[in-house]
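Coordinate inspection notes
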Protein chains: 4
Amino acid sequence: MNYFISDYSLGAHPKVMQALIDTNLEHTDGYGLDRFTEECGEMIKKMIGKPEAKVYFMHSGTAANTITCCAPLKPYEGVIAPRTGHVFVHETGSVELNGHRTFAAPTEDGKLTPEGIEDIMALYEDEHTVIPRLAYITHPTENGGVYTKAELKALRECCDKHDLYLFMDGARLGTALMWPGNDLSIQDIADLVDAFYIGGTKLGALYGEAVVLLNDDFDDHFKFRMKRNCGLMGKARALAVQMQALLEDETGGYDITKSLYARLAKHENDMAIKLREAVLAKGCELWIPHQTNQLFIILPNEKIKELEKDFLFYTWCAYDEGRSVIRLVTNWNTSEDDLKLIIDAL
Amino acid sequence: MNYFISDYSLGAHPKVMQALIDTNLEHTDGYGLDRFTEECGEMIKKMIGKPEAKVYFMHSGTAANTITCCAPLKPYEGVIAPRTGHVFVHETGSVELNGHRTFAAPTEDGKLTPEGIEDIMALYEDEHTVIPRLAYITHPTENGGVYTKAELKALRECCDKHDLYLFMDGARLGTALMWPGNDLSIQDIADLVDAFYIGGTKLGALYGEAVVLLNDDFDDHFKFRMKRNCGLMGKARALAVQMQALLEDETGGYDITKSLYARLAKHENDMAIKLREAVLAKGCELWIPHQTNQLFIILPNEKIKELEKDFLFYTWCAYDEGRSVIRLVTNWNTSEDDLKLIIDAL
Amino acid sequence: MNYFISDYSLGAHPKVMQALIDTNLEHTDGYGLDRFTEECGEMIKKMIGKPEAKVYFMHSGTAANTITCCAPLKPYEGVIAPRTGHVFVHETGSVELNGHRTFAAPTEDGKLTPEGIEDIMALYEDEHTVIPRLAYITHPTENGGVYTKAELKALRECCDKHDLYLFMDGARLGTALMWPGNDLSIQDIADLVDAFYIGGTKLGALYGEAVVLLNDDFDDHFKFRMKRNCGLMGKARALAVQMQALLEDETGGYDITKSLYARLAKHENDMAIKLREAVLAKGCELWIPHQTNQLFIILPNEKIKELEKDFLFYTWCAYDEGRSVIRLVTNWNTSEDDLKLIIDAL
Amino acid sequence: MNYFISDYSLGAHPKVMQALIDTNLEHTDGYGLDRFTEECGEMIKKMIGKPEAKVYFMHSGTAANTITCCAPLKPYEGVIAPRTGHVFVHETGSVELNGHRTFAAPTEDGKLTPEGIEDIMALYEDEHTVIPRLAYITHPTENGGVYTKAELKALRECCDKHDLYLFMDGARLGTALMWPGNDLSIQDIADLVDAFYIGGTKLGALYGEAVVLLNDDFDDHFKFRMKRNCGLMGKARALAVQMQALLEDETGGYDITKSLYARLAKHENDMAIKLREAVLAKGCELWIPHQTNQLFIILPNEKIKELEKDFLFYTWCAYDEGRSVIRLVTNWNTSEDDLKLIIDAL
């Protein structure tokens, strides 16, 4: 069986595993009170140029999203996400577990837009309505789409207008940062959002996400909130050890685009581009324009059934009577041979 | 000031007040363990022809909606409401307080449709998604619209297909039952939904809603759920006393359409029809087709400002550059004189 | 059947009912945006000598307790109540519905003490523990006990030491204010607590509690919190109308001890004192020293069974092998004849 | 600095790390849909002799406790834990986040007893009270105490009497299983409780707990509940890989006492016994009788300050005016040299 199903189909990059082994027998205190957590946090703050930021490490994207998005909210406030957003469609109501509503804004391509925000803000009236208070975006989106700097600035302005916090889910942030033509640096992001996270689990770590808080409203007893939502690990140091190995600038500076993380992201993007070109060359049709490491291809249903014998992938949605959309995901270890197998089979 | 703002602008019908006074000094146990609660519950069960139903009385529509809708849900399940539905737009997230999501289904006129349900069901996949599990409708809708029997049957079928409970918010149920041409009796409703409530506060009571449970899945430790959500009153008997006075068949049988409740509803409808005719005669334009006791009229913004000097009403939404929609609500006590005042002013 | 079971066994005082009737046909806006709510709030602020206080009206003690206690809390904070406190034992976890813990402090007689608070504070360490943040007391207690000024001051000091809010549940506040020897005026209370409520439902109203907020930390979007917890009534004016009738100084000033509320409370206390004297004269034993309108009497179990034929009351707990404790409650309408009946039967 | 502060002060046992490396590049599906999860679950079911059990893997003890304890509960039900229980004192209200109450039962030594359960059950009355529905115990307790078979049977009987589920937190289960004189096998545990977990993080894993459900009431959409509480990992396979390496019977059968897990537990116990003997030989006093890998020693406060220069440990509580209790924890890697250092310093 060949795996194009998700970013989760294999373990961590060897350098990450090695870092875990190298630090394995060093004694530290637990729950994030260790030198690795401290050091990796400092490194990330330098990378984004924000010494006053706060950095916390968590074990999963759902934890990073839920705990961070809910942190600045009052009970009667809610989250705006595009209808395709992970917090709305793939976290089984973890925001609602915390008592907050998730509003689904209309979206064409998976991006949240000022128009989408306005659509939800129109619902707000007074004490009878939940107050939308935070806008959630994913970069790249669940469809692989990369926000431009202009788009993010427009969202920021719209958020300011409506007194909304802006949070970015960066589960696959590296692939956006390294996408050809991307004009949004991690420093830009840190300038424009109130909080975001750099996702490791989907990009080379065994597990680990680095949450970055830029607005102090989020940093209220944050570890209490983590613990309560099952987001505080005993051996938390292992999160920082992994993120350090992934994110450190391999040239000795503080440029995330010179990290293993960036290299792996670029590799995923490159593989996806190659796959796309081959797919198009074969006459297949794409469902949506391709960006980053996810490719959405329209295929006849029989063809899909046939592929399922040898490949594990996700059938995303029906397209028309006889065709559906499949999603192929490249990962940090996808090889030319892997590509050849699927291309030949298509 | 003249009031067309809501169904809440004055107290209870004199017969209701009299019933409270007549029973005021009778001793009973508290919290619904009294003969009035028992007797009114029995009467309602006879009226709907369902001896096995369960009846509970609450003090507000939000309590009736929240507690009843959440009763059969597991933590990972949610409620589908039309985007205009009261639980979505006017209850400040009381469903979310209970940990459940409210999904907003698309709607054209305030009615939930099978297509609206399908739109939300399309979101459901697996353990990563909230399971939509209950469909919430309001009858008449927040826009005054009356469901037909065919529409309700279609919803029931769609709910059965998707294993959804069907709940009806009857905050203004009487006005639907008494609307000219209405083909949906209270017995039909009891046949087609899993639970509903007969709203008193908006139709002649000082406060009081009668929740009717037809599916035993809802009747699990219901009073525990009421208490926990601030829905169990100490002197609960007063709820039943009011509902008895409103709902009893004044001819001695068990026909709700022969009750004070029905008479008041018919009065509200009649007044609204008269108002509509006068409004149309004056050349005003309606925003949506009129049903029941709410009228939505498009007026120039200056006209609205002028009206606000003498009338209290709700400006519903902007219509275009220079015009907005106002809502006029008739109540159980609206008189021809009241109508004349607003008609002359329009 | 004769009722000594609770303060809920009959309706409202005739003056309260009359006030409802007198105002019944006056039009106002809903949801507390009416002149009665405004006026009664102003009156209460004058009575307590705190023009900057905020007053809100609710329909039940559970609503008043839950919504007020949770208002200033962060998700990771909790409530300290004596183990006998209403929020711990008789509200079915409504604080927990809002995500907060209720800690049960040890108590000997139903009063919270600095020692009880210290017992709970000892649990607090760091991000792994819920932070106790509000101390809940009932005055008089669930056992009828009246706090002295010295006791309340000691609690206030202990709360200040531990950065705790202090909230007083005044479900039967009148009986404490009017208890012989009471040295705690409503102004003292307003000076010493952060929030409290004046309970009407248990003392002459059909329903209605007046919540008084003295610390602005509680007054954050309070009506949003009320709505979300089913605590905002449509015809909210009726709450204020009742409280006005009960609480107004009948001599024209702003002294709550000259109100109907005070008279009814004094009557309840007087009847309870008479009952106590008669009970003691008959050789019965009290379970705890008597204060206010609740009497706890130790009786042989057979005697209790016998009494149950003609009287409705609450058997509070077992006392020893053959005896149990019963609770007798006097209400605003308890007469000498009622007392005679139970005394003769004892 | 020498670490006796917790079971978390270093990484995973080398065999565990090796297993992660050995499986690192094997492709599998995510979220627990992989062969490792399947295989390790099957192995555990054989070890406990319950083919019908369900096994789920999570990343932390708080997740295992919270998600499992809340799974069978209705909203109005709560958890009984001894006052020292982890869910009460060290999980920041994660049970309350799920809307349930945690009741703190009195305990002398950290064990829950039938008397402790009765104390809480006495609170339960009717719809006004939270229903205690699950008894939570930790084995060994937070103080290191090991339940005997007779004690666990007595708890089971008490739970049956009161219709309570019985859940065992096995964060350090191995040390109880391997404690000299322990008479409670893992099969006994599986016979007597409704659910329990085998803790890895505190005993040789980098992270990982194996939750075992023996009562189907717990297994309702369990992965939905995990996801919603941030307890479902993307690369969930790594949990099973670690637990497999730890728990497998190294002689080829299905006896957990022949696993690495058991060996590490025995080592921890042995080191703790040696430490205890040395401590006693030095004339130090123990706070509570010693069992398993935690030692509680009474020391003068100045001595504690002195020790803090070279050792990291936890000061548990004050003992008297001049003395406090410190906790020393041995871990899977504690060596004779480590012991010598602390013993010499004492």
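Computed from a predicted model, the values in this text were never measured in an experiment.

Let us look at the nonpolar core. In terms of nonpolar packing, the biggest core is built from 196 residues, with F196(A) and F196(D) touching the most fellow members. If we skip the residues at most four places from it in the chain, F196(A) touches I48(A), F167(A), M168(A), L173(A), I186(A), I189(A), A190(A), A210(A), V211(A), V212(A) and L214(A). Within the second largest apolar cluster, 194 residues are counted, among which are M226(A), I198(B), V212(B) and L10(C).

On to the pattern of salt bridges, then. All names here are of chain A. The full count for this structure, using the stated rule, is 116 salt bridges over all chains. In this structure, E250 and R263 form a salt bridge, with 2.8 Å as the shortest nitrogen-oxygen distance. Placement of the pair is E250 in the loop between α11 (237-247) and α12 (260-281) and R263 in helix α12, with a sequence separation of 13 residues. Two residues, R276 and E277, come together in a salt bridge whose shortest N-O distance is 2.8 Å. Given the relative accessible area of 18%, R276 is considered buried. When its relative accessible area of 41% is taken as the criterion, E277 is described as partly exposed.

Each copy of the chain is related to the other by a rotation around an axis and a translation along that axis. Relative to chain D, chain A is turned by 180° and slid 0.0 Å along the rotation axis, the superposed coordinates differing by an RMSD of 0.0 Å. Such a combination of rotation and displacement between the chain copies is what one expects of a two-fold axis. Interface residue correspondence from chain A to chain D reaches 100%, placing this contact among same-surface, isologous pairings.

Turning our eyes to something else, we now look at unusual backbone geometry. Cis peptide bonds are those with omega within 30 degrees of zero, and the linkage from H139(B) to P140(B) qualifies with -5°. Mapped onto the elements of the fold, P140(B) is located in the loop between β5 (131-138) and α7 (149-161). Here the phi dihedral of H221(D) falls at roughly 50°; this positive angle occurs in a residue that is not glycine. By the element assignment, H221(D) lies in the loop between β8 (209-213) and α10 (222-228).

What follows covers the side chain of R172(D). Residue and element names in this part refer to chain D. For R172, the position within the fold is in the loop between β6 (165-169) and α8 (173-177). According to the relative accessible area criterion, R172 is buried, its value standing at 8%. The residues contacting R172, other than those within four sequence positions of it, are D7, H139, P140, K202, L203, Y261, N293, Q294 and R327.

With 25 residues of chain D in contact, the opposing surface of chain C contributes 25 residues. Of the roughly 2100 Å² buried between chain D and chain C, counting both surfaces, carbon and sulfur atoms make up 46%. When residues of chain D are sorted by the area they lose upon contact with chain C, R83(D), T92(D) and R101(D) head the list and together hold 29% of the total. Taken together, the links from chain D to chain C amount to four salt bridges. The salt bridge partner of D119(D) is R83(C), with a shortest N-O separation of 2.7 Å.

Let us now look at the sheet that holds strand β8 (residues 209-213) of chain B. Residues and elements named next belong to chain B. The sheet built from seven strands is open, its strands ordered β2-β8-β7-β6-β5-β3-β4 with mixed pairing. With partners counted over all chains shown, the strands left at the sheet margins are β2 (54-58) and β4 (102-105), one partner each. The average angle at which neighbouring strand axes cross in this sheet is 25°, direction not considered. Relative to strand β6 (residues 165-169), β5 is paired through five bridges, and the arrangement is parallel. Residue I137 lies in a different strand from β6, and its bridge partner there is M168. Those strands touched by helix α6 (residues 114-121) are β3 (77-82), β4 and β5, and its axis lies near 130° from that of β4.

Once chain D has been moved 0.0 Å along the axis and rotated by 180°, it coincides with chain C to within an RMSD of 0.0 Å. The overlap is high: 100% of the interface residues of chain D also sit at the interface in chain C, so the same surface is used on both sides.

Here we take up the packing of aromatic side chains. With the rule as written, the count across this model stands at 42 aromatic pairs over all chains. Considering the side-chain rings of Y76(A) and F224(C), the 5.4 Å spacing of their centres and the 45° angle between planes classify their relative orientation as tilted. Taken together, the residues Y76(A) in the loop between α3 (61-70) and β3 (77-82) and F224(C) in helix α10 (residues 222-228) connect one chain to another. Each ring, one from Y165(C) and one from F218(C), has its centre 5.2 Å from the other, and the planes form 75°; the classification is edge-to-face. Of this pair, Y165(C) sits in strand β6 (residues 165-169) while F218(C) is found in the loop between β8 (209-213) and α10, placing the two residues 53 residues apart along the sequence. Its relative accessible area of 7% is what places Y165(C) among the buried residues. Judged by relative accessible area, which is 0%, F218(C) ranks as buried. Ring pairing ties together the aromatic residues W287(A), F296(A), Y314(A) and W316(A), which thus form one cluster. The ring of Y147(A) has K111(A) lying over it, and the distance from NZ or CZ to the ring centre is 5.5 Å.

All names here are of chain A. Considering the arrangement of structural elements, one finds G200 in the loop between β7 (195-199) and β8 (209-213). For the pair G200 and R172, spaced 28 residues apart in sequence, the C-alpha separation works out to 7.7 Å. For G200, the residues in contact, after removing those within four places along its chain, are A205, G208, E209, M243 and L246.

Another point: the pairing of strand β10 (residues 294-300) of chain D. Residues and elements named next belong to chain D. Of all seven residues making up β10, six are buried, and the element is well covered by its neighbours. Relative to β10, strand β9 (residues 285-286) runs antiparallel, the two sharing two bridges. Bridging from a neighbouring strand, E285 pairs with I298 of β10. Across seven bridges, β10 lies against strand β13 (residues 323-329) in antiparallel orientation. What sits directly across from P300, in β13, is R323.

With 49 residues of chain A in contact, the opposing surface of chain D contributes 50 residues. On inspection of chain A and its partner chain D, the count reaches zero salt bridges. For the pair chain A and chain D, the number of links is 30 residue pairs in polar contact (both at pLDDT 80 or more). Of all the secondary-structure elements, those providing two or more residues to the side of chain A that touches chain D are α1 (14-22), α3, α5 (94-97), α10 (222-228) and α11 of chain A. In terms of residue class, the side of chain A that touches chain D is built from 21 nonpolar, 20 polar and eight charged.

Once that is clear, we can look at the environment of G93(D). Secondary-structure assignment places G93(D) in the loop between α4 (86-89) and α5 (94-97). Distance in space between the C-alpha atoms of G93(D) and T66(D) is 9.3 Å, their sequence separation being 27 residues. Beyond its immediate stretch of four places on either side in the chain, G93(D) contacts R228(A), R101(C) and V130(C).

Another point: the domain arrangement of chain A. Residues and elements named next belong to chain A. By the assigned domains, chain A splits into domain 1 (2-7 + 264-345) and domain 2 (14-258). Computed over C-alpha atoms, the centres of domain 1 and domain 2 are 27 Å apart. Tallying the contact residues gives 19 residues for domain 1 and 20 residues for domain 2. For the pair domain 1 and domain 2, the two sides together bury roughly 1600 Å², of which 59% comes from carbon and sulfur. Where domain 1 meets domain 2, there are one salt bridge. Our enumeration of links across domain 1 and domain 2 arrives at five residue pairs in polar contact (both at pLDDT 80 or more). When residues of the side of domain 1 that touches domain 2 are traced back to their parent elements, those giving at least two are α12 and β10 (294-300).

About the cut-offs
Residues numbered from 1 in each chain as written. Chains lettered and ligands numbered in written order. Predicted model: local features only at pLDDT ≥ 70, side-chain atom pairs only at ≥ 80, totals over all residues. Heavy atoms only, no water. Core = buried A, V, L, I, M, F, W, Y, C linked by side-chain atoms within 4.5 Å. Buried < 20%, exposed > 50% of the residue type's maximum accessible area, 1.4 Å probe, protein only. Contact = heavy atoms within 4.5 Å. Salt bridge = Lys/Arg side-chain N within 4 Å of Asp/Glu carboxyl O. Helix = DSSP H or I, 4+ residues; strand = E, 2+ residues; numbered from the N terminus. Least-squares fit on C-alpha atoms with pLDDT ≥ 70 in both. Buried area = accessible area lost by both parts, 1.4 Å probe. Pairing = 2+ DSSP bridges. Axes fitted to C-alpha atoms, helices over the stretch in contact; angles between N-to-C directions. Phe/Tyr/Trp six-rings, centres within 6.5 Å; stacked < 30°, edge-to-face > 60°. Lys NZ or Arg CZ within 6 Å of the ring centre and 35° of its normal. Polar contact = N/O pair within 3.5 Å; in protein donor to acceptor, adjacent residues only side chain to side chain. Nonpolar A, V, L, I, M, F, W, Y, C, P; charged D, E, K, R; others polar. Domains from an automatic or database assignment.

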